[in-house]
Amino acid sequence: MQKNNLTVVKEFFLLGFQIGQDLRFLLFSLFFVIYCGTLCGNLLIITLVSTSRSLHTPMYFFISQLSISDIMLITNIVPNLLHILLNNGGAITLMGCITQFYFLCAPEVFDCFILAVMSYDRYVAICNPLRYTSIMTSGHCVILSLACWLYGFSIILIFIIKIAKLIFCGPNIIDHLYCDVVPLLELACSDTFIMRLEIYLLGIPNIFIPTTIIILSYTHIVSVILKISSSTGRQKAFSTCSSHLIVVSIFYWTMFCVYVVPTNGLTLTMNKTLSLLYTLLCSLLLLTPLYTVSGIRTLRKPYRRPFINI
């Protein structure tokens, strides 16, 4: 009888930043410029990698996949965020909220594993260069990329199906910028203990496995580079993986700030700022090393290693 009297929530209201109108317009303009710049920058990278024969290599192929994921992430978050800023909040349906959360998490998982694949690519190129063309073939690269895409979207789909089965009957106000897992679970009337446990059980392999691959790959890379006698040779070898190291550092640093740093002592505004750092600003910061490696280097004579064309 009590269940029949529950009012099931089918729509949520995202508060966004509860600030003055002038400041909201300023943030709207700033986020709009960042969004357009990030979108154009990633499209430029994809175009360069697709059209320039000197960039038809495994490393640049994986970079273009990372740019596609970047576009998917910011397009999922920013347009609705701009609408919220203009209207001082905005409504979103339950299915729209779950869909937004799905397309937020799936690219994140993909990024973790594609960065691990890129570290493996650098490992083979530096530690086993003579076999590079036979290991990192076109088919192998496509299979690795597809595996990352399929894993990212399938593993999150399992979690999304369980979220869709939750009952939301209480307040429908989400004091956040977008639909994330913690605000959703806090509004659920169902028991969320199992769901919260699954977050950690799914998060550990999704973070631990690619991080382990990256650490092991660069441990071997550093050991090989240190054995090179000439400083010029060491510098050239390191330059082939420096951009990837920068991308990995930015990605994991922002992820650590949002999901690992305790938020108990932080204000809601600070939590929202950290979320922006991870979604919008991280995408912009990643453009610097990616554009450098895929764009500016096309103007230079490439460092001759046995890279195979894709």
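Presented here is an overview of the structure given in this document. (Residues numbered from 1 in each chain as written. Predicted model: local features only at pLDDT ≥ 70, side-chain atom pairs only at ≥ 80, totals over all residues. Heavy atoms only, no water.)

### A closer look at the nonpolar core
Counting 66 residues, the largest nonpolar core has Phe 12, Phe 62, Leu 115, Phe 168 and Ile 174 as its most contacted members. A total of 19 residues in this core trace back to one element, the largest contributor, which is helix H3 (residues 94-127). Sequence-distant contacts of Phe 12, that is, excluding residues within four places in its chain, are made with Gly 90, Ala 91, Ile 92, Leu 94, Cys 97, Phe 168, Asn 172, Ile 174, Leu 184 and Leu 187. One finds Tyr 35, Leu 73, Ile 74 and Leu 177 within the second-largest nonpolar core, a separate group that totals 17 residues. (Core = buried A, V, L, I, M, F, W, Y, C linked by side-chain atoms within 4.5 Å. Buried < 20%, exposed > 50% of the residue type's maximum accessible area, 1.4 Å probe, protein only. Helix = DSSP H or I, 4+ residues; strand = E, 2+ residues; numbered from the N terminus. Contact = heavy atoms within 4.5 Å.)

### Some words on the packing of aromatic side chains
The full count for this structure, using the stated rule, is 11 aromatic pairs. Where Phe 103 meets Phe 153, the ring centres are 6.0 Å apart and the plane angle is 65°; that geometry is what we call edge-to-face. Of this pair, Phe 103 sits in helix H3 while Phe 153 is found in helix H5 (residues 138-164), placing the two residues 50 residues apart along the sequence. Residue class for Phe 153 comes out buried when judged on its relative accessible area of 18%. Ring-pair connections join several aromatic residues into one group, and the members of that group are Tyr 102, Phe 103, Phe 110, Trp 149 and Phe 153. (Phe/Tyr/Trp six-rings, centres within 6.5 Å; stacked < 30°, edge-to-face > 60°.)

### As for the packing of H5 against helix H7 (residues 193-226)
Working note: a packed helix pair is described by the angle between its axes plus the distance between those axes. Contact geometry for H5 and H7: axes closest at 11 Å, N-to-C directions at 175°. Considering the angle they form, H5 stands roughly antiparallel to H7. Contact residues: Tyr 151, Ile 155, Phe 159, Lys 162 and Ile 163 in H5; Met 195, Glu 198, Ile 199, Leu 202 and Asn 206 in H7. Among the residues making up the contact of H5 with H7, the classes are represented as 7 nonpolar, 1 polar and 2 charged. (Axes fitted to C-alpha atoms, helices over the stretch in contact; angles between N-to-C directions. Parallel < 35°, antiparallel > 145°, perpendicular 65-115°, else oblique. Nonpolar A, V, L, I, M, F, W, Y, C, P; charged D, E, K, R; others polar.)

### Considerations on unusual backbone geometry
Note: most peptide bonds trans; most residues except glycine with negative phi. The phi dihedral of Asn 88 is positive, around 55°, even though this residue is not glycine. Mapped onto the elements, Asn 88 comes out in the loop between helix H2 (58-87) and strand E2 (90-93). The class of Asn 88 is partly exposed, set by a relative accessible area of 28%.

### Section: helix H1 (residues 21-51)
If you check H1, its first and last C-alpha atoms are 44 Å apart, about what 31 residues at 1.5 Å a residue would give, namely 45 Å. For H1, the full list of buried residues reads Arg 24, Leu 27, Phe 31, Ile 34, Tyr 35, Thr 38, Gly 41, Asn 42, Ile 45, Ile 46 and Val 49. (Expected span 1.5 Å × (residues − 1).)

### Remarks on the packing of H2 against H3
Closest axis-to-axis distance for the H2/H3 pair is 10 Å, and the angle between their directions is 160°. On the basis of their axis angle, the class for H2 and H3 is roughly antiparallel. The handedness of the crossing between H2 and H3 is left-handed. When H2 is examined against H3, the residues Pro 58, Met 59, Phe 62, Ile 63, Gln 65, Leu 66, Ser 69, Met 72, Leu 73, Asn 76, Ile 77 and Asn 80 are found in contact with a partner set consisting of Gln 100, Phe 103, Leu 104, Pro 107, Phe 110, Asp 111, Ile 114, Leu 115, Val 117, Met 118, Asp 121 and Arg 122. (Left-handed = near helix turned anticlockwise from the far one by under 90°.)

### Topic: the environment of Val 8
Looking at the secondary structure, you find Val 8 in the segment before strand E1 (11-14). A residue is classified by how much of its surface remains accessible, and Val 8, at 46% relative accessible area, is partly exposed. Taking the C-alpha atoms as reference, Val 8 lies 4.6 Å from Cys 169; in sequence the two are 161 residues apart.

Read these as spatial facts, not as claims about activity.
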